[in-house]
Amino acid sequence: MEDEQSATYTVDDALMSSGFGRYQILILSYAGVAWISEAMEMMLLSFVGPSVQLEWNLTAHQESMITSVVFVGELIGAYSWGVISDNYGRRKGFLFTAIVMSGAGLLSAFAPNYASLMALRFLVGIGLGGGPVLSSWFLEFVPAPTRGRWMVIFSVFWTVGTIFEASLAWAVMPTFGWRWLLALSSVPSFLLLLFYAITPESPRFLCMKGRITEAVDVLEKMARLNNVPMPSGRLVSDKNIELDEVSESATLLASAAAGSDGGGKEEEENDNIKEDEGSNFGGIKSVSKLLSPKLFRATVLLWLAFFGNAFSYYGIVLLTSELSNGNRICAKEEVESIHSNDSSLYKNVFISSFAEIPGSLASALMVDRVGRKLSMATMLFTACVFLFPLVFSQADILTGISLFGARLCISASFSIMYIYAPEIYPTSVRTTGIGVASSVGRIGGILCPLVAVALVHNCQQTAAILLFELVVFLSGVAVMFFPFETKGTRLNDTEADLN
């Protein structure tokens, strides 16, 4: 009886006991709808830009800015929502992202002019920046042994979103135009608001904030729905364990020192620990932790990898539509023919979207077998091989095959990146870490339309492809130097747990 009372368990123990059951399926479904929503809002940029350019007589630079302004919003949103989620809860983070994304997305369909469309798409971008919050939230409910597999399955929802958006554009754009596409693409975001009330807070976050009773309540509901028993004893977090260890260490030091002086040191040590949970205005404290000695190398390399993956992924998506258009310009055909509503644009984007299915399969097969680092590096270097023929050839068939293969590899690498990134950070700064890395990635997203659109429109396809090759290759090198391999490891709650 006494042993039972003194026994303790962590969130990881409870997740291992629970396994991946019906409770996690519900979490996956909600987070998956959010991922579909984000993918649709990003994919529609391939279709809306050319149509708006034709309707409002925009320049190529103005067209590319419709895409870039979304990434500027994401850059701000990814950082902001990450800080909010680490300080006030995962649920609050993705609630506000859903409100902003659904509202601004629907209003975009009624934009009367270019300036208002830019402003509303900027707001959509801020909402889209909350995507990493949902992935972290889902990750924190998954047992360590199956985390890689289920995070790959989670990434499949992005693929579903891209294919669904391409299908929707193919069905809607030729008849109803870009406004209907914008309006219909905002529907999944409203579904997030509809079911928000039943979503639970992350038990890891609750433990980190000392809300143990609430965390136990979430874990008990999980155990009941999964029809498994709860671990015996009381719930503790890694942070509590760390505080106990520091307190014990301080007590030993105090005993070794002169009486009252030692007690003063112990008290001072405990005060410092409490001070650690103090103000985090603007997330400055959280960001400084990302650049602490234990995390500095991982953080900087992760930023480089996110930049390269985002630049390459969104660039390849845009190149799918822009390469053929650019070739027509260089062949001196009429500009109007570029943006004609023939089915070739929708067909090309639709077919290339299916590249993400074998990409997800490849990442699922590799991520828990060969590890995160080697899987990402392999995919990135293989993407370089697929892109290389485009430096010399512009044949339609070869272009299609090359872009299909490159998108397969980049999407697989990006999927694994979103598995790896939350695993290297402790719970206390997890969503801030992913948010900042995602913000750096959005800088790549801001720049890639200027390359994919401007260089191709200026008949500089070779320069554009060589730039993509360089970025992808350097991303692969950065991945090879990551300090941690996280395959099969448990999530850490504090910096002290990092190896």
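Here is what the cut-offs are and how they apply
Along each chain, residue indices are assigned from 1 in the same order as the chain's sequence is written. In keeping with the predicted nature of the model, local features appear solely for residues at pLDDT of at least 70, side-chain atom pairs appear and are counted solely at 80 or more, and the whole-chain, interface and lining totals rest on all residues. Side-chain metrics rest on all non-hydrogen atoms present in the structure, leaving aside hydrogens and water. A simple rule labels every residue: compare its accessible area, found with a 1.4 Å probe on the protein chains alone, to the largest value its type can have, and call it buried under 20%, exposed over 50%, or partly exposed in between. Numbering of helices and strands starts at the N terminus; helices are DSSP runs of H or I of at least 4 residues and strands are runs of E of at least 2. Here is the rule: rings of Phe, Tyr and Trp (six-membered ring for Trp) pair when centre to centre is within 6.5 Å. Planes less than 30 degrees apart are stacked, more than 60 are edge-to-face, and the remainder are tilted. Two conditions define a charge sitting above a ring: the NZ of Lys or the CZ of Arg must be within 6 Å of the ring centre, and it must be within 35 degrees of the ring normal. Think of a salt bridge as a Lys or Arg side-chain nitrogen and an Asp or Glu carboxyl oxygen that are within 4 Å of each other.

A. Just unusual backbone geometry, in detail. Notably, N57 is not glycine yet its phi reads approximately 55°, a positive angle. Classification of N57 by relative accessible area gives exposed; the value is 68%. In this structure, N227 takes a positive phi of about 60° despite not being glycine. Note that N227 resides in the loop between α13 (212–226) and β2 (234–235). Owing to a relative accessible area of 65%, N227 belongs among the exposed residues under this scheme.

B. Just the packing of aromatic side chains, in detail. Summed over the entire model, instances satisfying the criterion amount to 26 aromatic pairs. Taking the centre distance of 5.7 Å and the plane angle of 50° together, the rings of Y30 and F94 count as tilted. With Y30 in helix α3 (residues 22–43) and F94 in helix α6 (residues 90–108), this pair connects stretches of sequence that are 64 residues apart. Look at F94 and you get buried, because its relative accessible area is 2%. Taken together, the aromatic side chains of F20, W35, F71, F138, W150, F154, W158, F306, Y313, Y314, F414 and Y418 make up a single cluster linked through ring pairs. Here the guanidinium or amino end of R91 rests over the ring plane of Y196, the centre of that ring lying 4.4 Å away.

C. Here's a closer look at the pattern of salt bridges. Taken as a whole and assessed by the stated rule, the structure comprises 12 salt bridges. As a salt-bridge pair, K221 and D217 come within 3.5 Å of each other at their nearest N and O atoms. Separated by four residues within a single helix, K221 and D217 lie in helix α13, roughly one turn from each other. Take K221: its relative accessible area is 41%, and that puts it in the partly exposed class. Given the relative accessible area of 33%, D217 is considered partly exposed. Ionic pairing is found between E356 and R407, a salt bridge with its closest N-O pair at 2.8 Å. Within this pair, whereas E356 is found in helix α20 (residues 356–367), its partner R407 is found in helix α22 (residues 396–424), the two being separated by 51 residues in sequence. For the pair formed by E356 and R407, the shared burial category is buried. It is possible to trace a salt-bridge network through shared partners that takes in D86, R90, E140 and R430.

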